[in-house]
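What the coordinates show
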Amino acid sequence: PLLYSTQWTHLVYWFSSSNQYVPANSFLRYYPYALFLAYVVLFVGAFAIRYTRHGTAERKGILVSIVVAMVGLFLNIALNIEVDYSALFSSLLLVYYLSLYVLTAKEDTLTQLLNRQCYYKDSVRLKGQITAVVSADMNDLKKINDFEGHDAGDKALVAVAECLTTNGTKSKRVYRIGGDEFAIFYLNRCESEVEDDIKIMRKNLSKNKHVCAFGCKMVQNSDVEEAI
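Report on the accompanying structure. Note that the coordinates shown come from a computational prediction; the quantities given were computed from them, not determined experimentally.

Basis of the calculations
- Residues numbered from 1 in each chain as written.
- Predicted model: local features only at pLDDT ≥ 70, side-chain atom pairs only at ≥ 80, totals over all residues.
- Heavy atoms only, no water.
- Helix = DSSP H or I, 4+ residues; strand = E, 2+ residues; numbered from the N terminus.
- Contact = heavy atoms within 4.5 Å.
- Buried < 20%, exposed > 50% of the residue type's maximum accessible area, 1.4 Å probe, protein only.
- Phe/Tyr/Trp six-rings, centres within 6.5 Å; stacked < 30°, edge-to-face > 60°.
- Lys NZ or Arg CZ within 6 Å of the ring centre and 35° of its normal.

Turning next to the environment of Asn 80. Here Asn 80 lies in the loop between α3 (59-78) and α4 (86-105). The contact partners of Asn 80, leaving out residues within four places of it in the chain, are Arg 29 and Leu 75.

Now the structure itself:
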């Protein structure tokens, strides 16, 4: 509301009769930039949380978008260029929502793990990097659904997903590929590192009543399908 009404109040900026951008002669002239920086902080924070769970697939594109936008902002302020800031602000929002949409399309809606479609795409896209495939099959989900209700079953799946991702690393991608079935790709990790991580996941699971059966296969000669 402040920005929309400023054309008439002249609190932040206005456009002259010759359509020139005129910033206010006060500290409020920097309000749009402060708003922009606030969105940058929210943007980076939200995606940092997602990347701890999902890995680094989109990190480069988003990083480039942020850096370019920030450089444009600081040049605008440093060079005292009096132009309409809105394209810069709108561009960041556009990048934010497009990136959010891309990540949401890859997610399982219940557990927020990567979904089955992403699993099969990554098996091809990351073929040269995947060194191990791990399956984790939750036990007794049907029993929980039948005797405690589907809400309890959903909570159990979320709890298991957290146990599989609590110790998440940049080289580990966790997927929900079925009702009670999970899968993990390890990127550029040796067998001992994968075994150590499975021990950590088992330890996480032991803190609650849920149990998973694990299977592991190291990838030989980039044959991911054989390992799966």
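Mapped onto the secondary structure, Met 201 falls in helix α8 (residues 191-206). The spatial distance from the C-alpha of Met 201 to the C-alpha of Thr 166 is 8.2 Å, given a sequence separation of 35 residues. Here Met 201 is in contact with Cys 163, Leu 164, Asn 167, Lys 172, Ile 184, Tyr 186 and Phe 214, once residues within four sequence places are set aside.

This next bit is on unusual backbone geometry. For Asp 140, which is not glycine, the phi torsion reads 65 degrees and is therefore positive. Here Asp 140 falls in the partly exposed class, since its relative accessible area comes to 48%. A positive phi angle, close to 55 degrees, is found at Asn 188, a residue other than glycine.

Moving on, we get to the packing of aromatic side chains. What the rule picks out here adds up to seven aromatic pairs. Judged by centre distance (5.0 Å) and plane angle (15 degrees), the rings of Tyr 119 and Phe 185 are stacked. Pair noted here: Tyr 119 is in helix α5 (residues 116-125) and Phe 185 is in strand β5 (residues 181-187), with a separation of 66 residues, a long-range link. Across this residue pair, the class does not change: Tyr 119 and Phe 185 are buried. Clustering of aromatic rings is evident, with ring pairs tying together Tyr 119, Tyr 120, Tyr 175 and Phe 185. The ring of Tyr 30 has Arg 29 sitting right over it, with the charged end atom 5.8 Å from the ring centre.

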